[in-house]
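Secondary and tertiary structure notes
Chain residues, written in single-letter form:
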Amino acid sequence: MKKWIVLLIGALFFTLAGCNNNQAEEKKDETKQAEEKQTEQNKEQSNEEDVFAKVAMAEPDENTVCVFCNMKVYPKEHELGKFTAKSVTENGDVLFFDDIGCLFNYERDHGEAAKKYVRDYNTFEWIELQNATVVKADIKTPMNYGYAFFAKKEDAEKFVSEQSNATIVSWEDVDQVAHERYMKKKQMMQNKKDGHDNSMDQHDHDNGDMKQDGHSHN
């Protein structure tokens, strides 16, 4: 009887030991998979940071045109280059705009970009859009939006104090002005299309009347 008890205890011990070993192996595998996943995520993040670090420095060349209005995009060296803006898509493509309103209106048709940049009014250096202080002023910009951008708020305040009719505004204000112009342009295009269609209808109508009268043009 004692022998069977000893054997039973031994069997239970080995069974428990086996379960513990299996659990340890499973935990080891889970830890390894978690480490591999974290390593892959870190690698992807590093690659993404490299891509955005590169595009953050990207500059337009002499052939670059605005992807929204197809007008010339001014380079950094040009006086109007301080108003050039750019956005970056998820896959790292860089899109340039001659004025800030074009960037906002392009996004209305194509969705919001991964990152957006404007130039500092004083240094012409790129700054991320959300970090810039915006000033509306009586200044000439490529599409006459009249916005200047500053990396430092104190620089924006100094600019406002030196310019008549200049004021610090929000990005919502910029977007609203761009949207109003966007809708006005859409309406003009629709009116033009409707006018063309009406003209064609009238032309067809006149030709039909002439044919009914027994006249035609050779």
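Residues numbered from 1 in each chain as written. Predicted model: local features only at pLDDT ≥ 70, side-chain atom pairs only at ≥ 80, totals over all residues. Heavy atoms only, no water.

Turning our eyes to something else, we now look at the pattern of salt bridges. Two side chains with opposite charge may pair up if their charged atoms get near one another. For the coordinates displayed, the defined rule picks out 8 salt bridges. For the salt bridge of Lys82 with Glu79, the shortest nitrogen-to-oxygen distance reads 3.1 Å. Here Lys158 makes a salt bridge to Glu162, at a shortest N to O gap of 2.6 Å. Linking Lys158 with Glu162, this pair stays in helix H3 (residues 153–162), spanning 4 residues, or about one helical turn. Residue classification places Glu162 among the exposed residues on the basis of a relative accessible area of 52%. A network of salt bridges, in which partner residues are shared, links Glu107, Glu112 and Lys116. (Salt bridge = Lys/Arg side-chain N within 4 Å of Asp/Glu carboxyl O. Helix = DSSP H or I, 4+ residues; strand = E, 2+ residues; numbered from the N terminus. Buried < 20%, exposed > 50% of the residue type's maximum accessible area, 1.4 Å probe, protein only.)

Before going further, it helps to spend a moment on the sheet that holds strand E6 (residues 147–150). With antiparallel pairing, the 3 strands of this open sheet are ordered in space as E6-E5-E7. Since the sheet does not close on itself, it has two edges, and those belong to E6 and strand E7 (167–169), each with one partner. Across the sheet, the mean angle separating the axes of adjacent strands is 40° when strand polarity is ignored. Here 3 bridges tie strand E5 (residues 133–136) to E7, and the two strands are oriented antiparallel to one another. Bridging from a neighbouring strand, Val135 pairs with Ile168 of E7. Running at roughly 10° to E5, H3 makes contact with E5, E6 and E7 of the sheet. (Pairing = 2+ DSSP bridges. Axes fitted to C-alpha atoms, helices over the stretch in contact; angles between N-to-C directions. Contact = heavy atoms within 4.5 Å.)

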